[in-house]
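For reference, the chains in residue letters:
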Amino acid sequence: MTPQALATDFLAAFTETTVRVYQAFPHEIATPALRHQHFVSPFSLGRMSWIKPSFFWMMYRAGWGHKELRQARILAIDLPREFFDRVIAEATLSSRLQSQLITPSDVVVQFDPDRDLHLNKLTSRALQIGLRGPVLREYALALPLQITDITSDVIQVEGLIHRGMLKEAQALVPLQQVYPTPAG
């Protein structure tokens, strides 16, 4: 996908060399992923797996880890920026897949309304990246630089929000900035 095709800005936590994405899993996937620092069975390489750079979009999708048991553990996955940028460059917009007869891609992106501290919709957009096939295999088995369980941090942030301690909650949220889409 050209940078022009990815015209919507999105937020992410990143450094010069890494990008953090989030996924929510049941215990039986999260525990071995943390132990091995890559994804192993029962993580499925046979279906699309969606990664989310937006912390608040992940919290919305997983209901702060309470939505369902399949999303009880929130993991932060630090990836090489080189991989992340390549994935974005290879991506097909999900709306194009639905509206045109084009060859399915191993990388699909879609934009959804981002969320704020209270998980209310924003006008800004959150990026979701669907991976499958060889790209998913590379992501799951070879690339994570670090996988961190942030479930307890997420629960702490949610508790502070419910107690009206918004400054304290915001201080625990990862710093996210507009991601500089690579020139292509």
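Residue positions are given per chain, counting from 1 as you read along its sequence in written order. With pLDDT at 70 or above as the cut-off, local features in this predicted model cover only qualifying residues; side-chain atom pairs require 80 or more to be listed or tallied, and sums for whole chains, interfaces and linings still use all residues. Excluding hydrogens and water, the side-chain figures rest on all heavy atoms present in the structure.

Visitor: Before we go on, may I ask you to explain the sheet that holds strand 9 (residues 177-178) in this structure?
Guide: Here, any two strands with at least 2 DSSP bridges between them count as paired. To qualify as a helix, a DSSP run of H or I must reach at least 4 residues; to qualify as a strand, a run of E must reach at least 2; elements of each kind are numbered from the N terminus. Strand order in the open sheet formed by five strands is 8-4-2-1-9, and the pairing between neighbours is antiparallel. Lying at the two open borders of the sheet, with one neighbouring strand each, are strand 8 (146-149) and strand 9. Pairing analysis gives eight bridges linking strand 2 (residues 18-25) to strand 4 (residues 73-80), with the strands arranged antiparallel. When the bridges of strand 4 are listed, T18 appears paired with P80. Between two residues, a contact is recorded if the distance between any of their heavy atoms is within 4.5 Å. Axis angles are defined between N-to-C directions and span 0 to 180 degrees, where every axis is a line fitted to C-alpha atoms and, for a helix, only to the segment in contact. Contacting strand 2, strand 4 and strand 8, helix 1 (residues 27-36) runs over the sheet at an angle of about 40° to strand 4.

Visitor: Whenever I open this one, the pairing of strand 4 confuses me. Can you help?
Guide: Walk down a regular strand and you will see the side chains alternate between the two sheet faces. Classification of residues uses two cut-offs on accessible area relative to the type maximum, computed with a 1.4 Å probe and protein chains only: under 20% is buried, over 50% is exposed, and between them is partly exposed. Taken across its eight residues, strand 4 has eight buried, putting it largely inside the fold. Direction of pairing for strand 4 relative to strand 8: antiparallel, over a ladder of four bridges. Across the sheet, L75 pairs through a bridge with D149, a residue of strand 8.

Visitor: Would you mind showing me how to read the packing of helix 3 (residues 81-90) against helix 5 (residues 133-142) here?
Guide: Each pair of packed helices can be summarised by the angle the axes make with each other and by the distance between the axes. Two elements in contact, helix 3 and helix 5, have axes separated by 12 Å at closest approach and are oriented at 165°. By the angle class used here, helix 3 and helix 5 are roughly antiparallel. Helix 5 is crossed by helix 3, and the crossing has left-handed handedness. Contacts between helix 3 and helix 5 pair F83, R86, V87 and E90 from the former with V135, E138 and Y139 from the latter. Only Asp, Glu, Lys and Arg are considered charged, only Ala, Val, Leu, Ile, Met, Phe, Trp, Tyr, Cys and Pro nonpolar, and every remaining residue, Gly among them, polar. Tallied by class, residues from the contact of helix 3 with helix 5 come to four nonpolar, no polar and three charged. For classification, angles of less than 35 degrees are called roughly parallel, those exceeding 145 degrees roughly antiparallel, those between 65 and 115 degrees roughly perpendicular, and all remaining angles oblique. It is the rotation of the near helix from the far one that decides the hand of a crossing: anticlockwise by less than a right angle makes it left-handed, clockwise makes it right-handed.

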